[in-house]
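Fold and geometry: a report
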Amino acid sequence: MSPKPSSPRAAAVSLLDEIMGEGQLMSDLTERKAFQRLAAQDRAAAQRLATQTLRGLERADRILDRHLRKRLPLGIKNILRLGTVELCLGGDAHGVVNELVALAPPPKGRGNYRGLINAVLRKVAEDDVRRWNDLRIPRLPGWLRDPLVEAWGKGAINAMEKAHFTGAPLDLTAKGDAAELAGKVGGTVLPTGSVRVENAGQVSRMEGYEQGAWWVQDAAAALPARLLAAQPGERVLDLCAAPGGKTLQLSAAGAEVTALDISERRMARVKDNLERTGLTASMIVGDALEHEAEPYDAILLDAPCSATGTIRRHPDLPFAKDGSEFGDLIGLQAQMIDHALTLLKPGGRLVFCTCSLLPDEGECQVEEALLRHEGLTVDRTALNHPGIDEKWITEEGGLRLRPDYWPELGGMDGFYIAVLRKP
Ligand SMILES: C[S@@+](CC[C@H](N)C(=O)[O-])C[C@H]1O[C@@H](n2cnc3c(N)ncnc32)[C@H](O)[C@@H]1O
């Protein structure tokens, strides 16, 4: 069931239905016309409701299991999940229950979902709200938890799940001076140079947005371009560029940047971002594997990947995906590394990175690239950057970033980064 998104709650339930029922990602769904027809504040509210429901889904299901005797259609279950999470997070019972009851179809024959939703949510409001904080931190689904436990151990995964449940603050990259920006937006400068803002409101209303003084970019996602350390006038290729956070960093460093991405729709966002910030880059819509050009001084390859490092910000991913596409992505990443090396000058540097927690998309890719390409080396000295903890450096000389790092500062996205040097 997919109610018309006439209100934030209706839109949030539709998002949940399509994420869990059809394997769609929230970032794609929120760009659709039906969603865009909502007012800006309703869109934000719907996303917030769907996001908090996904973060608390396991807890909601544990509570609901005590009240439900039979399997329900996904749409009805999602109404109950959203209501349970809202009530447990302090939502007003009267308003929440009444509106959610109306989202179910009217009673027909023996099916009365409205009556069921009303009865169950009222019980939740009376009996279960106080239990919420005693329930365990929601776990990742087995298809993702198992390989991650194998890679990083149970303790680390528990800590990552805590970070996923907590969510993420807003991180900005300054076009100019980070300390000055932090002062203007009421943020703090992180050890690696990003600016972190707690409890930020609407991004487009923040100081400096219109002037393009900064862009939104997680602290971990800002590191690949920092480690590439582009010099003024260098020819740099951003091989999978959209929506363009790293392109902006390379351009702000004074490099002559070519930004390439296969997606025309996503490249339009690179264009918007360049316009807002007053930065420049040549833009190409095309397949990275087919790109030919004069050799570049440096290449940044932020390859398409499982995005499992971004679950703090995108809690829909574990519910929309099941890992079946990851094998193809791993193959594509290796092909991209090989092709990127053909586009690089001798002595040039290739920064390979993925926002993934899976070693197959990080450490293993680099180990295998070193075996395939004689003379290719990992530049460990490039990791000599403020804020980088030695413990993050991997055996092969890359950088492993995880959501459970910096817990006292508010965490970071999961990422893998390595700076490779062509012989
Ligand atoms: C991780 S995202 C890049 C994020 C970007 N670097 C940033 O910082 O904003 C990966 C990108 O790879 C692009 N992509 C996927 N397959 C590609 C291909 N064969 N050639 C070029 N780009 C591709 C996707 O469209 C997506 O925008």
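Residues numbered from 1 in each chain as written. Predicted model: local features only at pLDDT ≥ 70, side-chain atom pairs only at ≥ 80, totals over all residues. Heavy atoms only, no water.

Under an unreviewed UniProt entry, the name given to the protein is 16S rRNA methyltransferase, and the organism recorded is Roseovarius indicus. According to UniProt, the comment filed for the protein under the heading Sequence similarities (unreviewed entry) is "Belongs to the class I-like SAM-binding methyltransferase superfamily. RsmB/NOP family." (UniProt positions renumbered as here; feature names shortened; annotations may be inferred.)

1. Digging into the environment of leucine 420
You can see leucine 420 is positioned in strand S12 (residues 415–421). Separated by 79 residues in sequence, leucine 420 and leucine 341 place their C-alpha atoms 9.5 Å apart. Aside from chain neighbours lying at most four places away, what touches leucine 420 is Gly348, Arg349, Leu350, Val366, Leu376, Thr377 and Val378. (Helix = DSSP H or I, 4+ residues; strand = E, 2+ residues; numbered from the N terminus. Contact = heavy atoms within 4.5 Å.)

2. Observations regarding a negative patch on the surface
Residues Asp360, Glu367, Glu368 and Glu395 make up a contiguous surface patch of negative charge. Tracing the backbone through its elements, the reader meets glutamate 368 in helix H17 (residues 363–372). What makes glutamate 368 partly exposed here is its relative accessible area of 42%. (Patch = residues over 30% accessible without salt bridge, like charges linked within 9 Å, V, L, I, M, F, W, Y side chains within 5 Å. Areas by Shrake-Rupley, 256 points an atom, 1.4 Å probe, with all protein chains shown as cover. Salt bridge = Lys/Arg side-chain N within 4 Å of Asp/Glu carboxyl O. Lys, Arg positive; Asp, Glu negative; His and termini not counted. Charge placed at Lys NZ, Arg CZ, Asp CG, Glu CD. Buried < 20%, exposed > 50% of the residue type's maximum accessible area, 1.4 Å probe, protein only.)

3. Notes on unusual backbone geometry
Along the chain, alanine 242 connects to proline 243 via a cis peptide bond; the corresponding omega equals 5°. With respect to the element layout, proline 243 can be found in the loop between strand S5 (235–238) and helix H13 (245–252). Despite not being glycine, asparagine 199 shows a phi value in the positive range, around 50°. Locating asparagine 199 in the fold gives a position in the loop between strand S3 (195–197) and strand S4 (214–216). The backbone of alanine 307 sits at a positive phi, close to 60°, despite the residue not being glycine.

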